[in-house]
Amino acid sequence: MKRQIALVMAFCAASLLFGQVHFGIGVHGSIDVPTGTSLNHDRFNSDYYKVALFEGVGFGFAASAMIIQEDLKGFNVGLEPGYAHNEIGWDSTVSKLDMKGKLSYSSFDIPVLVGYSFGKGNFRVTPQIGPYLSIPIGSLKYDVERITYEGKLLSNETYSTDLDISSRFILGGMGGINVGYKVGKGLVNFDARFMSDFTSLKFDDDTKKNISVLTRRKTTFGLSYIHFF
């Protein structure tokens, strides 16, 4: 998979070098839900814990830069360094005791995306794919937000624990599609993407180092504007 992505990127770069290109910069914002995120057995026993799909909603914002062929069509390469707030809802059932909560942490994500833009009039449709580097920031927050026993509420106060993240960086892959509209010298884009870390996020506690806690996978929905020169 990594080799295929590298070959696509190399072919795209070569195509751009031998044609007239435009350079653009802009901003990108997104929200996301954890579709496919897995909790690791080192910390969360899958017999009791599971990801609650719509209990955690993350968000992100980034700067963006893109090189694209003439008339904003054809091959393109984009870079989107930015901040992400990652949030994963979970629930746990042990005997008759039920708990719900969230895991959350921040990261600095740097994706490099290659794509091909198809255009008709002012509309552009662009499939994209590429790798990213994710750098965790701060600590992993573990929240317990609700506890019930036999269906009776015991607590709905939030109890939080901060876990020291030991992962320095995480590699991953991303793919998706942009639907854009040309406005003057720029493009307004709506995008839907799926991203997946290749390795798990790890943390340290008082007794053990590098404990795997989760592997992030999520679907993002974004809106962006890029101005071309």
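The structure presented is a predicted model; accordingly, all values stated were derived computationally and were not measured.

Quick look at the overall build of the protein now. Scanning the protein for helices and strands turns up one helix and 15 strands. Seen along its three principal axes, the alpha-carbon backbone of the protein occupies a region of about 65 × 35 × 25 Å. When the 229 residues of the protein are sorted by exposure, 44% land in the buried category. Counting only contacts in the protein whose residues sit at least 6 apart along the sequence, the fraction spanning at least 24 positions is 70%. Looking at the protein as shown, the accessible area adds up to about 12,100 Å², and 61% of this sits on carbon and sulfur atoms.

Relative to strand 15 (residues 217-228), strand 1 (residues 21-33) is paired through 10 bridges, and the arrangement is antiparallel. Its bridge partner lying in strand 15, Ile31 is registered against Phe221. As judged from the 11 bridges shared by strand 12 (residues 186-197) and strand 15, these two strands associate in the antiparallel manner. Its bridge partner lying in strand 15, Leu187 is registered against Ile226.

Two descriptors summarise a pair of aromatic rings, namely the distance from one centre to the other and the angle between the planes of the rings. This model, assessed by the stated rule, comprises seven aromatic pairs. Summarising the aromatic geometry, the rings of Trp90 and Tyr142 are spaced 5.5 Å apart at their centres and angled 10 degrees between planes, so their arrangement reads as stacked. Here Trp90, found in strand 6 (residues 82-94), pairs with Tyr142, found in strand 8 (residues 123-149); they are 52 residues apart in sequence, far enough to count as distant. Relative accessible area serves as the criterion here: at 12%, Tyr142 is assigned to the buried category. With 4.9 Å between their ring centres and 55 degrees between their planes, Tyr116 and Phe118 make a pair best called tilted.

Glancing now at unusual backbone geometry. It is generally the case that most residues other than glycine have a negative phi and that most peptide bonds are trans. With a phi close to 60 degrees, Ser95 is a non-glycine residue in the positive phi region. We classify Ser95 as exposed; its relative accessible area is 68%. Even without glycine at this site, Asn210 takes up a positive phi of about 55 degrees. Relative to the helices and strands, Asn210 resides in the loop between strand 13 (201-204) and strand 14 (211-215).

A separate point is the nonpolar core. Nonpolar side chains in soluble globular proteins tend to end up buried together. Core analysis: the largest hydrophobic core is formed by 20 residues, its most contacted members being Trp90, Leu103, Leu140, Tyr142 and Leu201. Looking at this core, the element that brings in the most residues is strand 8, giving four residues. Setting aside its immediate chain neighbours within four residues, Leu140 contacts Leu103, Ser104, Tyr105, Thr161, Asp162, Leu163, Ile165, Leu201 and Val213. Counting six residues, the second largest nonpolar core, distinct from the first, contains Met66, Leu72, Leu187 and Phe228.

This brings us to the confidence of the model for the protein. Per-residue confidence for the protein averages 89 on the pLDDT scale, and 90% of its residues sit at or above 70. Here helix 1 (residues 2-17) is the element of the protein with the lowest mean pLDDT, 52, and strand 12 is the one with the highest, 97.

Along the chain, Pro111 turns up in strand 7 (residues 97-120). Pro111 sits in the buried class, given a relative accessible area of 5%. C-alpha of Pro111 to C-alpha of Phe221: the two residues are 110 residues apart in sequence and 15 Å apart in space. The contact partners of Pro111, leaving out residues within four places of it in the chain, are Gly78, Leu79, Glu80, Pro81, Pro131, Tyr132 and Met174.

What follows is about the side chain of Ser117. Within the secondary structure, Ser117 sits in strand 7. Looking at Ser117, the relative accessible area reads 5%, which means it is buried. With near-sequence residues (within four places) excluded, Ser117 lies in contact with Ile68, Leu72, Lys73, Gly74, Asn76, Val125 and Thr126.

For the structure shown, the criterion picks out 11 salt bridges. The closest approach of N and O atoms between Asp32 and Lys218, which form a salt bridge, is 3.4 Å. In this pair, Asp32 is assigned in strand 1 and Lys218 in strand 15, connecting sequence segments 186 residues apart. When sorted by exposure, Asp32 lands in the same class as Lys218, which is buried. We note a salt bridge from Lys73 to Asp71, for which the minimum N-O separation is 3.7 Å. Among the residues examined, Lys73 registers a relative accessible area of 30% and is labelled partly exposed. Given the relative accessible area of 37%, Asp71 is considered partly exposed. Beyond isolated ion pairs, a larger network of salt bridges with shared partners links Asp71, Lys73, Arg124 and Lys182.

Cut-offs and rules
Residues numbered from 1 in each chain as written. Predicted model: local features only at pLDDT ≥ 70, side-chain atom pairs only at ≥ 80, totals over all residues. Heavy atoms only, no water. Helix = DSSP H or I, 4+ residues; strand = E, 2+ residues; numbered from the N terminus. Buried < 20%, exposed > 50% of the residue type's maximum accessible area, 1.4 Å probe, protein only. Contact = heavy atoms within 4.5 Å. Areas by Shrake-Rupley, 256 points an atom, 1.4 Å probe, with all protein chains shown as cover. Pairing = 2+ DSSP bridges. Phe/Tyr/Trp six-rings, centres within 6.5 Å; stacked < 30°, edge-to-face > 60°. Core = buried A, V, L, I, M, F, W, Y, C linked by side-chain atoms within 4.5 Å. pLDDT = per-residue confidence, 0-100. Salt bridge = Lys/Arg side-chain N within 4 Å of Asp/Glu carboxyl O.

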